[in-house]
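Okay, here's what each chain looks like letter by letter:
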Amino acid sequence: MANKFKKRRDKILNKYLKEKEAFLIIGEKNLGGKPFKINSNILYLTGIKEENNILLLFKGKGGKKKEILIIQNKNPDREKWEGIRLGKEKAKEISGIDKVEYLKNRDNVIAGVLNKMETVYINYKNESTLSKKNNKRKSFIRDIKYNFPHLDVKNSTEIMKKLRTVKDDSEVKLIKKAIEITKEALYYTWENIEPGMREYEVKAMINYQIKKRGAKIAFNTIVAGGPNGVILHYPDGDRKLKKNDLLLFDVGARWKGYSADISRTVPVSGKFSKSQKEIYEIVLKTNKQSIKNVEVGKTLKDIANEAKEILKKGLKSLDLIDKDEELKKYYYHSIGHHLGLDTHDLSFKSEQLKERAVITIEPGLYIKEKDVGIRIEDDVLVDENEVVNLSENIAKETDEIESIMNK
Ligand SMILES: [Mn+2]
């Protein structure tokens, strides 16, 4: 079996690099307070989960394809504190890259290649973002620009987006597994919710169910009861759940790097009230129709506009709005995003969907006066000639949810 990471690198080498062009990805910790997560581009291209690694792909004279991976030095003293480092042999085995070097030789290795190149693609946006915050990656990129002034420096992100918005089979399989674990965690939690519990208890319960299954938490789980459901990124809460509350979950397991992203809204009592159900059905209808509306060639914006029409109609039928413009009072986010190694995966917002894209569809309604916040989110594969709802097995009909909760 050909190494899938090698296949991905080959795409870059074959399709995007000309003679004397190099492609350089610098991995680093995700800064800015987020939980530790490996640079997803490095992971995508090498399968290696260590931080600070550097991948260098290039075409030498005559278009000869070459790859070098630079990894953390073995360091027995540091390893006592931080854990075992991969080392060359393991790195070769996982990535399928024959030439692996240690970071201590970084400058020589890179100079040896870049001196012979004319163009280098690097992961940075532009000059102004480079001067903003300082970190290892940015100072390294500045050094490259300074030390190799002959190079034409281009942004590698466009190439990565093109690759990553089209999922291969192994990626879809991992997303499916992440969805399956998310489903099991949701169902366990629904069966065990009781009025009087605090939001944080429910959150701990669902996160534990995910971790228990060997997965990671893809993003900060949202568990928002009653009036808190209208806050889109509701942070950790301690509301004591009331019998008549709706409870909104936005949750995803991460399996081998790949994220699920699922939202469901359930009644704490195990039974939707009549008025909750009326609003729920509008969101559900929008969710289902929007999934049907997904197709190759459309943009997420097209799908969002179609969704808005359904939401408006529904709200009018319940006399919650009179005019179209009033929709934004009750619905104030986009319809979805690409999903993959990042929960909000690399993508072009305005680009037409391609075959094998995986996106979320997540309409909602947030009616403050009624203490009602509802979002129903599924993960969808845009496959050849059809749309596959990867999370179709996670209950979203009101009677299905009620029967799970009353088990
Ligand atoms: Mn989402």
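Note that the coordinates shown come from a computational prediction; the quantities given were computed from them, not determined experimentally.

## Comments concerning the overall build of the protein chain
So, point 1. Helix and strand counts for the protein chain stand at 14 helices and 17 strands.
So, point 2. Over its C-alpha atoms the protein chain spans a radius of gyration of 24 Å, differing by no more than 12% from the 22 Å that the globule rule assigns to 407 residues.
So, point 3. Along the three orthogonal principal directions, the C-alpha set of the protein chain runs to about 70 × 45 × 45 Å.
So, point 4. Burial status across the protein chain gives 55% buried among its 407 residues.
So, point 5. By sequence separation, contacts in the protein chain at least 24 residues apart represent 70% of the contacts at least 6 residues apart.
So, point 6. Summed over its atoms, the accessible surface of the protein chain is roughly 19800 Å², and 48% of this surface lies on carbon and sulfur atoms.

## Concerning the nonpolar core
So, point 1. The biggest cluster of nonpolar side chains holds 95 residues, and the ones touching the most others in it are Ile12, Phe23, Leu186, Trp190, Leu247, Phe249 and Leu365.
So, point 2. Sort the elements by how many residues they give to this core and helix H9 (residues 169–192) lands first, with 10 residues.
So, point 3. Structurally, this core is a two-domain feature, drawing no fewer than three residues from each of domain 1 (4–164) and domain 2 (169–405).
So, point 4. Setting aside chain neighbours within four positions, we find phenylalanine 23 in contact with Ile12, Leu17, Leu45, Leu55, Leu56, Leu57, Tyr121, Ser156, Ile159 and Met160.
So, point 5. Ranked by size, the runner-up nonpolar core spans 22 residues in total, among them Met117, Val120, Ile122 and Ile141.

## Section: the sheet that holds strand E12 (residues 262–267)
So, point 1. An order of E8-E9-E12 is seen for the 3 strands of this open sheet, with the pairing classed as antiparallel. Pairing within the sheet leaves two strands with one partner each, and these edge strands are strand E8 (222–225) and E12. Recorded for the sheet is a direction-independent mean angle of 15° between the axes of neighbouring strands.
So, point 2. Alignment of strand E9 (residues 246–251) against E12, held across 6 bridges, turns out to be antiparallel. Bridging from a neighbouring strand, phenylalanine 249 pairs with arginine 264 of E12.

## Side note on the packing of H9 against helix H14 (residues 398–405)
So, point 1. Here H9 crosses H14 at 65°, and the two axes come no closer than 7 Å. In terms of axis orientation, H9 runs roughly perpendicular to H14. Residues Tyr187, Trp190 and Glu191 of H9 lie in contact with H14, whose contacting residues are Ile401, Ile404 and Met405.
So, point 2. Tallied by class, residues from the contact of H9 with H14 come to 5 nonpolar, no polar and 1 charged.

## Looking at the environment of leucine 24
So, point 1. Relative to the helices and strands, leucine 24 is located in strand E1 (residues 21–26).
So, point 2. Classification of leucine 24 as buried rests on a relative accessible area of 0%.
So, point 3. Residues leucine 24 and asparagine 123 lie 99 residues apart in sequence; the distance between their C-alpha atoms is 7.4 Å.
So, point 4. Once you skip the residues sitting within four places of it in the chain, leucine 24 turns out to touch Ile54, Leu55, Leu56, Ile110, Val120, Tyr121, Ile122, Asn123, Phe140 and Ile144.

## Some words on empty space enclosed by the protein
So, point 1. Tallying each qualifying case throughout the model produces 1 cavity of 30 Å³ or more.
So, point 2. Of the voids in this model, the largest cavity is the one considered here, and its volume is about 60 Å³.
So, point 3. Lining the largest cavity are Thr165, His338, Phe348, Glu351, Gln352, Leu353, Lys354 and Ala357.
So, point 4. When grouped by side-chain class, the residues that make up the lining of the largest cavity number 3 nonpolar, 3 polar and 2 charged.

## A look at helix H10 (residues 199–212)
Turn by turn, an α-helix covers 3.6 residues, leaving residues three or four places apart pointing in a common direction.
So, point 1. Counted at 1.5 Å a residue, the expected span for H10 with its 14 residues is 20 Å, and the 20 Å between its end C-alpha atoms agrees.
So, point 2. Those residues of H10 that fall on the buried side of the exposure criterion are Glu199, Val202, Lys203, Met205, Ile206, Asn207, Gln209 and Ile210.
So, point 3. Against H9, strand E7 (216–217), E8, E9 and strand E10 (253–255) lie the buried residues of H10.
So, point 4. Just downstream of H10, glycine 214 is the residue with a positive phi angle, here 85°.

## Here we look at the domain arrangement of the protein chain
Accessible area lost during the coming together of the parts is what is often quoted as the interface size.
So, point 1. What the domain assignment reports for the protein chain is domain 1 (4–164) and domain 2 (169–405).
So, point 2. Our count for the domain 1 to domain 2 interface comes out at 2 salt bridges.
So, point 3. For the salt bridge of arginine 164 with aspartate 342, the shortest nitrogen-to-oxygen distance reads 3.0 Å.
So, point 4. The interface formed by domain 1 and domain 2 contains 3 residue pairs in polar contact (both at pLDDT 80 or more).

Rules used in this analysis
Each residue is numbered by its place in its chain's sequence as written, counting from 1. For this predicted model, a pLDDT threshold of at least 70 governs which residues receive local features, and a threshold of 80 or more governs which side-chain atom pairs are given and counted, while totals over whole chains, interfaces and linings are taken from all residues. Calculated side-chain values reflect all of the structure's heavy atoms, with hydrogen atoms and water omitted. The way it works is that DSSP assigns letters per residue, a run of H or I at least four long becomes a helix, a run of E at least two long becomes a strand, and they are numbered from the N terminus. Here the globule rule reads 2.2 Å times residues to the power 0.38, and the radius of gyration is calculated from C-alpha atoms. Think of it in three bands: with a 1.4 Å probe and only protein chains considered, a residue is buried below 20% of the maximum accessible area for its type, exposed above 50%, and partly exposed in between. Two residues qualify as a contact provided that any one of their heavy atoms is within 4.5 Å of a heavy atom in the partner residue. Accessibility throughout is a Shrake-Rupley quantity obtained with a 1.4 Å probe, and a residue counts as covered only by protein chains that appear here. Only buried residues count toward a nonpolar core. Its members are Ala, Val, Leu, Ile, Met, Phe, Trp, Tyr and Cys residues joined through side-chain atoms within 4.5 Å. Note that the domain bounds were set by an automatic or database domain assignment. One requirement defines pairing of two strands: DSSP has to find at least two bridges between them. Where helices are involved, their axes are fitted lines through C-alpha atoms of the stretch in contact, as for all axes, and angles between N-to-C directions lie from 0 to 180°. Should an angle fall under 35 degrees it is taken as roughly parallel, and over 145 as roughly antiparallel, whereas 65 to 115 is taken as roughly perpendicular and any remaining angle as oblique. Under the grouping applied here, Gly and all other residues not named as nonpolar or charged are polar, the nonpolar ones being Ala, Val, Leu, Ile, Met, Phe, Trp, Tyr, Cys and Pro and the charged ones Asp, Glu, Lys and Arg. Grid points spaced at 1 Å and placed over the protein atoms alone form the basis of the search, with a cavity being a set where a 1.4 Å probe fits but cannot get out and a pocket an open set showing protein on both sides within 12 Å along at least five of seven lines. Lining residues have an atom within 4 Å of a point. Grid points are joined across faces, edges and corners, and a volume is the space filled by probe spheres set on the points. Take the residue count of a helix, subtract one, and multiply by 1.5 Å to get its expected span. By definition here, a salt bridge exists when the distance from a side-chain nitrogen of Lys or Arg to a carboxyl oxygen of Asp or Glu is within 4 Å. Nitrogen and oxygen atoms within 3.5 Å of one another constitute a polar contact, given that in protein one can donate a hydrogen and the other can accept it, and given that sequence-neighbouring residues count only through two side-chain atoms.

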